[in-house]
Amino acid sequence: MPYPGKQLTFLVIFLLLHLSNTFAQNDSSTVFHLDDLYAIVVQNHPLAKQARLLSENAQQQLRLSRGFFDPKISSSYNSKVFKGKDYYSKWKSELKVPVWFAGMDLKAGYERNDGDYLNPEADTDSGNGLAYAGLSLPIGQGLFIDQRRATLRQAEIFQNLAQAEQVKLLNKLFLQVAKDYWQWYYNYHQELLLQNGYQLALFRFEAVRIRVNQGDLASIDSVEALSILQEREINLKRAQVQAKNARILLSNHLWGEEGEPLELSALFTPMEMLDTEFADATLAELYEFANENHPELLKINYKLDQLDIQRRLAREYLKPVLNLNYNFLSRTVDSDKQEINSQFFTENYKFGVDFVFPIFLRKERAKVQQTNIKIDQANLDRFYLNRTVLNEITMQYNEVQNLKELLQLQEDMVSNYQRLLDGEREKFRNGESSVFYVNVREGKLLDTQIKLFKMRFEYAKSLATLRWSAGMGIDG
């Protein structure tokens, strides 16, 4: 019958071998969910704010383009007095209102000119003044589209283009945030497992040393236990540095409302369960979403829309310039009868026609051809980009499916090694095994557990990359 000290030693080792493989977390720790991180990033991250500025810039660009259709008020006054003679005094005020749907300008104004040497053409009813109202209408070039209307329509498309660029930048940011979060997840759990393994090795080394001092084991057994302890301590220290750096890396995405950088506290822990809601999406669903919503595909479609407007404008320049100008004139007040002159449409008017047409149209035809070439290039880019996006989705989808199967296999391996360790512990309790074999089983279990968390990290990262490949953001 073993002596009491030996029985106590076996009991201590047996209890230590049945310690849980994970230590209880500090009660004050708080789970930091990925969605919480996304919310902080959207509100405060400098790159997210920069992306939002794209939309604001596009709005100002549209506002600028609409400014070409703003009514304008102008007024000018000129006079000349030389050697005591009143040569002339000219005053003109005008309101000009562009009309965007017809390309014409409406005008209304008032002129009052007098003087001893006034040009008869500038006479305004012998200095009493003339009021006028009229229009300038293009019936050739510029009737259906002109530079002002083309700029406005391109600015409207630019808003959509800026929104697609904003989605692209945010999706890229969300992808990096997800990668850094799951890297922290892996390093955090790796540190926990290695900390647990180190404590087991430390307790076991103390127990073996007791048995060596009691003469129950040879001194070489303590050397073996010490070697295991030292190896696990080295791995633990490396894991601690990696976990600390992963937390610092994740802190790059944490910013306060005033733009101050924040640091992720060590009291925060990553969530335990992976976000696999997106994992059931089919390849056909991903293709469909990408074709309709992928920011890169949207951008090139909007670019084609802008080029189409440029082509319409270039074709408009192939037409001759033929502008009609008509102003109705009215004496402001009849000098004799003090009445408004009624001959507004019959006798008092100004009429003019402007005609310009280049004989060879070389510049205009070249502009049309250049625009057509740009459209062909953009279409080729779209075909290539569409195939690249779909192939990227396919490859990433295959990667996700493969990791999904490997993850299940790895979980089965962990369960198998856990059963082997439990069996070895039972044999040790019955005196049919040794600390060496328990160490081997325990080391294998520890390795497979770490690999399991690494595979979970790779799986979660691959899912995030698949979302990015399909052009999905956090709300996709």
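Use the structure listed above.
Reading guide: rules and limits
- Residues numbered from 1 in each chain as written.
- Predicted model: local features only at pLDDT ≥ 70, side-chain atom pairs only at ≥ 80, totals over all residues.
- Heavy atoms only, no water.
- Helix = DSSP H or I, 4+ residues; strand = E, 2+ residues; numbered from the N terminus.
- Rg over C-alpha atoms; globule rule 2.2 N^0.38 Å.
- Buried < 20%, exposed > 50% of the residue type's maximum accessible area, 1.4 Å probe, protein only.
- Areas by Shrake-Rupley, 256 points an atom, 1.4 Å probe, with all protein chains shown as cover.
- Salt bridge = Lys/Arg side-chain N within 4 Å of Asp/Glu carboxyl O.
- Expected span 1.5 Å × (residues − 1).
- Axes fitted to C-alpha atoms, helices over the stretch in contact; angles between N-to-C directions.
- Contact = heavy atoms within 4.5 Å.
- Pairing = 2+ DSSP bridges.
- Parallel < 35°, antiparallel > 145°, perpendicular 65-115°, else oblique.
- Left-handed = near helix turned anticlockwise from the far one by under 90°.
- Nonpolar A, V, L, I, M, F, W, Y, C, P; charged D, E, K, R; others polar.
- Polar contact = N/O pair within 3.5 Å; in protein donor to acceptor, adjacent residues only side chain to side chain.
- Patch = residues over 30% accessible without salt bridge, like charges linked within 9 Å, V, L, I, M, F, W, Y side chains within 5 Å.
- Core = buried A, V, L, I, M, F, W, Y, C linked by side-chain atoms within 4.5 Å.
- Phe/Tyr/Trp six-rings, centres within 6.5 Å; stacked < 30°, edge-to-face > 60°.

Asks: Provide a residue-level description of the overall build of the chain, including the pertinent values.
Replies: Broken down by element type, the chain carries nine helices and eight strands. Against the 2.2 N^0.38 benchmark of 23 Å for 476 residues, the chain shows a C-alpha radius of gyration of 41 Å, more extended than a compact globule. For the chain, the C-alpha atoms occupy an extent of roughly 145 × 50 × 35 Å along the three principal directions. Counting over 476 residues, the chain shows a buried share of 39%. As displayed, the chain has an accessible area near 27,700 Å², and 55% of this comes from carbon and sulfur atoms.

Asks: Give a detailed account of the pattern of salt bridges, specifying residues and quantitative values.
Replies: This model, assessed by the stated rule, comprises 16 salt bridges. Among the ionic pairs, Glu 206 bridges to Arg 209, the shortest N-O distance being 2.4 Å. Of this pair, Glu 206 and Arg 209 both sit in helix α4 (residues 147-214), three residues apart, which is roughly one turn of the helix. One salt bridge in this structure joins Glu 316 and Lys 319, with 3.2 Å as the shortest N-O distance. Residue classification places Lys 319 among the partly exposed positions, given a relative accessible area of 29%.

Asks: Can you tell me about helix α9 (residues 435-469), naming the residues and giving the values?
Replies: Its 35 residues place the ends of α9 50 Å apart at the C-alpha level, agreeing with the 51 Å of an ideal helix rising 1.5 Å per residue. Directly after α9, the chain includes Gly 471, whose backbone phi takes a positive value near 80 degrees.

Asks: Tell me about the packing of helix α6 (residues 283-293) against helix α7 (residues 295-316), and name the residues and values.
Replies: As a packed pair, α6 and α7 sit with axes 6 Å apart at the nearest point and diverge in direction by 35 degrees. Contacts from Ala 290, Asn 291, Glu 292 and Asn 293 of α6 reach α7 at Pro 295, Leu 297 and Leu 298.

Asks: Residue-level account of the pairing of strand β7 (residues 321-331), with values.
Replies: Inspection of the sheet shows strand β5 (residues 130-138) paired to β7 by nine bridges, in the antiparallel sense. Among the inter-strand pairings, Leu 130 is bridged to a residue of β7, identified as Arg 331.

Asks: Quick one: what's the story with the packing of helix α8 (residues 362-429) against α9, residue by residue and with numbers?
Replies: Between α8 and α9, whose axes approach to 8 Å, the crossing angle comes to 160 degrees. As judged from the angle between their axes, α8 and α9 are roughly antiparallel. Classified by chirality, the crossing of α9 by α8 is left-handed. Residues that form the contact of α8 with α9 fall into these classes: 22 nonpolar, eight polar and twelve charged.

Asks: So what's going on with the side chain of Asn 372? Residues and values would help.
Replies: With respect to the helices and strands, the residue Asn 372 is situated in helix α8. For Asn 372, a relative accessible area of 18% corresponds to the buried category. A polar atom in the side chain of Asn 372 sits 3.3 Å from the side chain of Arg 311.

Asks: Which residues make up a nonpolar patch on the surface, and what values do they have?
Replies: Taken together, the side chains of Tyr 349, Phe 351 and Val 353 present a nonpolar region at the surface, about 310 Å² in accessible area. Topologically, Phe 351 is positioned in strand β8 (residues 349-356).

Asks: Provide a residue-level description of the nonpolar core, including the pertinent values.
Replies: Counting residues in hydrophobic clusters, the biggest one holds 68 residues, and the most contacted among them are Leu 34, Leu 37, Tyr 181, Trp 182, Leu 286, Ile 393 and Tyr 459. The element that contributes the greatest number of residues to this core is α4, accounting for 18 residues. When residues no more than four places from it in sequence are discounted, the contact partners of Leu 34 are Val 177, Ala 178, Tyr 181, Trp 182 and Met 271. Ranked by size, the runner-up nonpolar core spans eight residues in total, among them Ala 150, Ile 157, Tyr 302 and Leu 313.

Asks: Summarise the side chain of Asn 44; cite the residues concerned and give the values.
Replies: Mapping Asn 44 onto the fold places it in helix α2 (residues 34-44). Within the structure, the side chain of Asn 44 is placed 3.0 Å from the backbone oxygen of Trp 255, a separation counted as a polar contact. Residues in contact with Asn 44, not counting those within four places in the same chain, are Lys 49, Trp 255, Gly 256 and Glu 257.

Asks: Give a detailed account of the packing of aromatic side chains, specifying residues and quantitative values.
Replies: Counted according to the given criterion, the structure contains 14 aromatic pairs. Taking the centre distance of 6.3 Å and the plane angle of 65 degrees together, the rings of Phe 82 and Tyr 87 count as edge-to-face. Since its relative accessible area comes to 42%, Phe 82 is described here as partly exposed. Owing to a relative accessible area of 21%, Tyr 87 belongs among the partly exposed residues under this scheme. Between Trp 91 and Tyr 110 the ring centres are 5.6 Å apart and the planes differ by 75 degrees, which places this aromatic pair in the edge-to-face class.

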